[in-house]
Amino acid sequence: MNRRRFLQQSAAGMLAANLASGQSASPLIASIDQITLKHGRDGSGPSWFHPRPCLVPSKDGPVVFMTMQEIRGSDFFLPVHWMESRDLGQTWSEPQPVPPLGRVPTSDGRGDEGVCDVVPQYHAKTGSILAVGHNVFYKGPKFDRNQPARCPVYAVYKDGRWSERKRLIWDDPRGANIYTNNCGQREVLEDGSIAFVMSFGAKQTGRSAAGVRCSFDGETLAIEKVGREIKHAAGRGLLEPSLVRYRGKFYATLRAEDKRGYVAASDDGLDFEEKQPWCWDDGTPLEMSTTQQHWLPHSEALHLVYTRKDASNANVMRWRSPLFMAQVDLKTLRLIRDTERIVLPLEGDGVKAPDEVPLMGNFQTTNIAPNESWVTDGGMLPKHGFKGDLHLGKIRWNRPNTLV
């Protein structure tokens, strides 16, 4: 048993013993602070969106590597950029383009093919960063509402250089219209293989999801196995799935378009049990509106970060502010209501002046250090030129997270 696994199991065992003996553990969350990393709402800089960091080890200490891109309109993004911090977020390098994840003219001349929804992740076995997003098509200064078939695209960063852009190949008719893991959390397994959940559909509505296992050799990402199909008929179906492996099981959270988000569990990350809507611990479903959720694992508890309907945001589009987090009951796969906290607060009046409230919901969760985790998000104001700030919600733990 390696040291990390030993510490993880010891911490979990101590907590279980305390609960069994009737002792109440002190709160796990010590504090949550909001920091503005980049200003764009006042027009002083670009409005950065899709900010997603990953932690990269180095001989001089961990490096935080973040991808992001500027937003200019509805689903209209400029080329992907990256920046890094070598002091755990105190200072940052200037954003610079990711050349392979820029825009290229389409072969039929109808417009440009770009990349969006990128998530970078460090791959220890190859010492590289794998940045996976999906392709997107534009006509002039707007999102092309008649999108051609879409799929995952990726690039690899290693030794200070980016690879060329590549496509993740899946020759299955079920993905004829789209197959993607856009904005999704993935898991790198001990053998270097990569597990994630993919959303796919042969048409624009009723997408399904399934667990996927990929090989990755530092250059090429290839699908090896696809698990049992999880179906959903409402709207576009199941979107932007995120996967976490926690205490020997895999859990998927899935965005949907029926005022719900969904959760499902699996022993192998491929074949999932029946999905269920996210509910409070008393069985009351959370009311959500087609917005992603992401996992935040701590060695003592698994949390979900999400948006939902609340009295404070009644008139905000899709209730996309504030960002909440709550602990997951692993036995019932429900959220423990008493643990809910606000990670990134609503700015403004979500009832009387909803157009002045910066929208969130395209975010990332990242464990940075044993005592610190992050939630990063780019707020934006659709009624005001999509201007917004780049935010960091810094969560400090009372007890160390041995998963880092």
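Here, every reference points to the structure presented above.
One numbering rule holds for all chains: residues counted from 1, following each sequence as written. For a predicted model such as this one, the threshold for reporting local features is a pLDDT of at least 70, and the threshold for listing and counting side-chain atom pairs is 80 or more; totals across whole chains, interfaces and linings nevertheless cover every residue. Water and hydrogen atoms were dropped before computing side-chain values, which therefore reflect all heavy atoms in the structure.

**Student:** Sorry, what's going on with the overall build of the chain here?
**Tutor:** Along the backbone of the chain there are one helix and 29 strands. We compute the radius of gyration from the C-alpha atoms alone; for a globule the expected value is 2.2 Å times N to the 0.38, where N is the number of residues. Relative to the globule expectation of 22 Å for 404 residues, the C-alpha radius of gyration of the chain, 20 Å, shows essentially globular dimensions. For the chain, the spread of C-alpha atoms along the principal axes amounts to about 70 × 50 × 50 Å. Relative to its full complement of 404 residues, the chain shows a buried share of 55%. By definition in these notes, contact holds between two residues if any of their heavy atoms fall within 4.5 Å. Of the contacts formed within the chain by residues at least 6 apart in sequence, a portion of 56% connects residues at least 24 apart. Using a 1.4 Å probe, the Shrake-Rupley method yields the accessible areas, and only the shown protein chains count as cover for residues. A total accessible area of about 17100 Å² is found for the chain, and carbon and sulfur atoms account for 49% of it. In this tally Asp and Glu are treated as negative and Lys and Arg as positive; neither His nor the chain ends contributes. Charge positions are represented by NZ for Lys, CZ for Arg, CG for Asp and CD for Glu. Across the chain, 51 positive and 47 negative side-chain charges occur, with their mean positions spaced 1 Å apart. Note on conventions: DSSP H or I runs of at least 4 residues are helices, E runs of at least 2 residues are strands, and numbering of each starts at the N terminus. Think of it in three bands: residues with accessible area under 20% of the maximum for their type are buried, residues over 50% are exposed, and the middle band is partly exposed, with areas taken using a 1.4 Å probe on protein chains only.

**Student:** Hey, could you run me through the packing of aromatic side chains in this one?
**Tutor:** Each aromatic ring pair is described using two quantities: the centre-to-centre distance and the angle formed by the ring planes. Only the six-membered ring of Trp is used, alongside the rings of Phe and Tyr, when aromatic pairs are assigned; centres must lie within 6.5 Å, and planes under 30 degrees apart are stacked while those over 60 apart are edge-to-face, with the rest tilted. One pass over the full model with this rule turns up 13 aromatic pairs. Where Phe-65 meets Trp-82, the ring centres are 5.1 Å apart and the plane angle is 15°; that geometry is what we call stacked. Of the two residues, Phe-65 is situated in strand E3 (residues 63–73) and Trp-82 in strand E4 (residues 76–85); the sequence distance between them amounts to 17 residues. Taken as a pair, Phe-65 and Trp-82 share a single burial class, namely buried. Residues Phe-76 and Tyr-138 carry aromatic rings whose centres are separated by 4.9 Å and whose planes lie at 70° to one another, so their mutual orientation is edge-to-face. Here Tyr-138 lies in strand E8 (residues 128–139) and Phe-76 lies in strand E4, a separation of 62 residues in the sequence.

**Student:** Just to check I follow, could you spell out the pairing of strand E19 (residues 249–255) for this structure?
**Tutor:** Burial within E19 is extensive, with six of its seven residues counted as buried. A pair of strands is treated as paired once DSSP finds two or more bridges between them. The pairing of strand E18 (residues 239–246) with E19 spans six bridges and is antiparallel. Each residue of the ladder has a partner; that of Ser-242, found in E19, is Thr-253. Adjacent in sequence and paired antiparallel, E18 and E19 are bridged by two residues, among which Arg-247 carries a positive phi angle near 50°. Bridge count for E19 against strand E20 (residues 261–266) is six bridges, and the pairing is antiparallel. Counterpart to Ala-252 in the pairing with E20 is Ala-264. Linking E19 back to E20 in an antiparallel pair, the connection comprises five residues, with Lys-259 at a positive phi of about 65°.

**Student:** What is the right way to look at the side chain of Arg-52 in this model?
**Tutor:** Position of Arg-52 relative to the elements: it lies in strand E2 (residues 48–56). N or O atoms closer than or at 3.5 Å make up a polar contact, with two conditions inside protein: a donor-capable atom paired with an acceptor-capable one, and, for residues adjacent in sequence, both atoms drawn from side chains. A distance of 3.4 Å separates a polar side-chain atom of Arg-52 from the backbone oxygen of Phe-363.

**Student:** How should I be thinking about the side chain of Arg-150 in this particular structure?
**Tutor:** Its place among the elements puts Arg-150 in the loop between strand E9 (142–143) and strand E10 (152–158). Of the buried charged residues, Arg-150 lacks a salt bridge, with Asp-117 as the closest side chain of opposite charge at 5.6 Å. Setting aside anything within four residues of it in sequence, one finds Arg-150 in contact with Cys-116, His-134, Asn-135, Val-136, Phe-137, Phe-143, Asn-177, Ile-178 and Tyr-179. The term salt bridge refers to a pairing of a side-chain nitrogen on Lys or Arg with a carboxyl oxygen on Asp or Glu at a separation within 4 Å.

**Student:** Looking at this structure, how should I read the pattern of salt bridges?
**Tutor:** Opposite charge on two side chains permits them to pair, given that their charged atoms come into close proximity. Taken as a whole, this structure holds 19 salt bridges when the rule is applied. With a closest N to O distance of 2.9 Å, Glu-347 and Arg-41 form a salt bridge. Of the two residues, Glu-347 is situated in the loop between strand E26 (341–344) and strand E27 (363–369) and Arg-41 in the loop between strand E1 (29–38) and E2; the sequence distance between them amounts to 306 residues. Judged by its relative accessible area of 23%, Glu-347 is partly exposed. In this structure Arg-41 comes out as partly exposed when scored by relative accessible area, which is 33%. Among the salt bridges present, the one from Arg-174 reaches Glu-229, with a minimum N-O distance of 3.3 Å. Of the two residues, Arg-174 sits in the loop between strand E12 (166–167) and strand E13 (178–180) while Glu-229 sits in the loop between strand E17 (221–226) and E18, which places them 55 residues apart along the sequence.

**Student:** Would you take a moment to explain the sheet that holds E27 for this structure?
**Tutor:** The strands making up a sheet are joined through hydrogen bonds of the backbone, oriented either antiparallel or parallel. Pairing is antiparallel in the open sheet, where four strands are placed in the order E1-E29-E28-E27. Whereas interior strands pair on both sides, the edge strands pair on one side only; in this sheet they are E1 and E27. Sheet twist, expressed as the average angle between the axes of neighbouring strands with direction ignored, equals 20°. Where E27 lies against strand E28 (residues 372–378), six bridges are found, and the strand directions are antiparallel. Note that in E28 the partner of Thr-365 across the bridge is Val-375. What counts as an axis is a line fitted to C-alpha atoms, over the stretch in contact for a helix, and the angles between N-to-C directions run from 0 to 180 degrees.

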